Amino acid sequence: MGSDEGLLRAFADGDERAYARLYDLHRGPLYVYAARMLGDGEAARDLVQDVFLVMLERRGEAREMRNARAWLFTVARNRCLTRLRQRRTRDRLDELVAGEMPGATPAEDGAGDEEARLVRQALAELPEEQRDVLILREYEELSYREIAAIAQTTESAVKSRLFRARQTLGERLRPVWTRGDDACGARTEGSG
Amino acid sequence: MRCEDGRERLSRLLDGELGAADQSGLFGHLEACGDCRAFLETLTRARGAIRRDREALRREADAVLPPWPPRPADSAAGSAPAPGHAAPSRRGLPAPALLALAAVLLVAGIAIGAGLAGRRDGARARQEAEAARPAPESPRVVYVCAMPEYQVVGEPVMDTGR
């Protein structure tokens with residue numbers, strides 16, 4: 001899966017079913033990306049709707065699009081960054097840094113998946129440009145090339161940002177998990 | 001190999017982007033460096049947590065996003081649901097069909113309007129003809145002619161409703 005060229009052509013020709021199919025294919029991944037970028041499920045939901053409305057408005061350009069996923073993620077990314085900028089100006093970044101995830105399901109917030117909660121918190125603390133590529137890589141499993149196209153940068157810049165993001169993530173998580181494992185009497189040493 | 005280089009390679013290894021030659025150098029470093037092994041373990045563990053988080057979010061997406069795509073007229077996500085995952089049939093109508101439907105409705109509207117106007121015109125014509133017809137002789141005139149000797153100036157005229 002990836003290019004959706006046939007669907008894009010049909011969509012450009014006015015085929016409503018192609019539009020519905022594109023929505024069905026990409027709404028979930030877009031929601032995941034936006035929810036983790038914004039840390040807000042409600043904002044992510046609105047953003048996904050906005051992205052598809054933009055796609056509808058630009059139906060005429062669909063014939064020139066090669067890759068629906070890359071196009072949709074590019075629009076989603078730009079909108080996420082705009083929203084984050086707006087949020088910063090309202091001094092709401094503190095909420096994000098504190099790891100508040102209004103969009104998280106109750107199951108996620110519960111003690112059931114403490115590891116996932118810690119990862120979300122560490123992710124929210126990353127600089128935007130690192131968080132962005134890490135989400136596209138780890139949550140969406142996009143290639144360096146696709147991420148570079150979406151983030152409008154080079155593949156080597158993507159590689160470098162991913163490395164720095166993982167470095168930071170590792171530094172934040174390792175002491176916490178080591179403490180937790182020690183408390184449980186478990187050791188991770190020697191398992192590799 | 002420095003740990004910095006080792007971790008950079010680890011990052012590419014996790015993405016499946018590390019060539020065979022670089023892999024052997026990395027594995028040699030990992031055997032000797034506990035810190036970098038711990039770094040790899042942390043990232044692998046984080047990846048597992050991310051996968052679980054992603055699945056939870058996918059389920060959440062299915063729950064909060066409508067199954068049909070948005071339209072400009074939709075009020076965010078608040079319009080009526082389509083049956084199943086398909087776009088509603090109203091939305092599915094191609095533009096030419098909508099134009100044809102609009103044309104039929106327009107013609108029908110004009111025809112009905114013309115019919116009503118015709119009926120109105122007929123009624124008005126009948127009214128005008130009726131108005132042009134000479135009025136029947138007033139009972140007062142008849143009364144006056146019949147009995148001239150009783151004619152009184154200023155006598156109240158009988159209201160016949162005409």
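Our subject is the structure that appears above.
Described in the following lines is the structure provided in the data block.

Parameters and conventions
- Chains are numbered independently. Their residues run from 1 in the order of the written sequence.
- Lettering for chains starts from A, numbering for ligands starts from 1, and both go in the order in which the items are written.
- Residues qualify for local features only when their pLDDT is at least 70, as the model is predicted, and side-chain atom pairs are given and counted only at 80 or more; totals for whole chains, interfaces and linings, by contrast, use all residues.
- Strands are runs of DSSP state E lasting at least two residues, helices are runs of H or I lasting at least four, and both sets are numbered from the N terminus onward.
- Helix span is expected to be 1.5 Å times the residue number reduced by one.
- Think of it this way: the bend at a residue is just the angle between two axes, each fitted to seven residues, one set ending at that residue and the other starting at it.
- Counting other C-beta atoms within 10 Å of a residue's own tells you its class, since 20 or more makes it buried, 12 or fewer makes it exposed, and anything in between is partly exposed; those C-beta atoms are placed from the backbone.
- Think of it this way: build a C-beta for each residue from its backbone, and any pair within 7 Å is a contact.
- Throughout, the ten residues Ala, Val, Leu, Ile, Met, Phe, Trp, Tyr, Cys and Pro are labelled nonpolar, Asp, Glu, Lys and Arg are labelled charged, and all others, Gly among them, are labelled polar.
- Each axis is a line fitted through C-alpha atoms, taken for helices only over the stretch in contact, and angles between the N-to-C directions span 0 to 180 degrees.
- Every angle not falling under 35 degrees, over 145, or within 65 to 115 is termed oblique; those three ranges are roughly parallel, roughly antiparallel and roughly perpendicular.
- In this scheme the handedness of a crossing depends on how the near helix is turned from the far one: anticlockwise by less than a right angle means left-handed, clockwise means right-handed.

Quick word on helix H1 (residues 3-14) of chain B
The end-to-end C-alpha distance of H1 of chain B, which contains 12 residues, comes to 16 Å, matching closely the 16 Å that a straight helix rising 1.5 Å per residue would cover. At the exit of H1 of chain B stands glycine 16 of chain B, carrying a positive phi of roughly 70°.

So, helix H2 (residues 16-38) of chain A
Where H2 of chain A bends most, the angle comes to about 40°, and this point is histidine 26 of chain A, followed within four residues by the proline proline 29 of chain A. Along H2 of chain A, 18 of the 23 residues are buried, which leaves the element largely enclosed by surrounding structure.

A short note on unusual backbone geometry
The phi dihedral of glutamate 141 of chain A is positive, around 55°, even though this residue is not glycine. Its place among the elements puts glutamate 141 of chain A in the loop between helix H8 (128-139) and helix H9 (144-151).

Description of the interface of chain B and chain A
Think of interface size as the accessible area that goes away when the parts come together; that is how it is often given. Between chain B and chain A, the contact holds 42 residues from the first and 45 residues from the second. Elements supplying a minimum of two residues to the side of chain B that touches chain A: H1, helix H3 (34-64) and helix H4 (89-92) of chain B. Ranked by residues supplied to the side of chain B that touches chain A, first place goes to H3 of chain B with 22 residues. In the side of chain B that touches chain A, the residues fall into 22 nonpolar, 4 polar and 16 charged.

Structural notes on the packing of H1 of chain B against helix H2 (residues 20-32) of chain B
All names here are of chain B. Following both chains from N to C, one finds H1 and H2 inclined at 125°, their axes separated by 10 Å at the closest point. In terms of their interaxial angle, H1 and H2 are classed as oblique. For the pair H1 and H2, the crossing hand works out as left-handed. Contacts from Gly6, Arg9, Leu10 and Leu13 of H1 reach H2 at Asp22, Gln23, Leu26 and His29.

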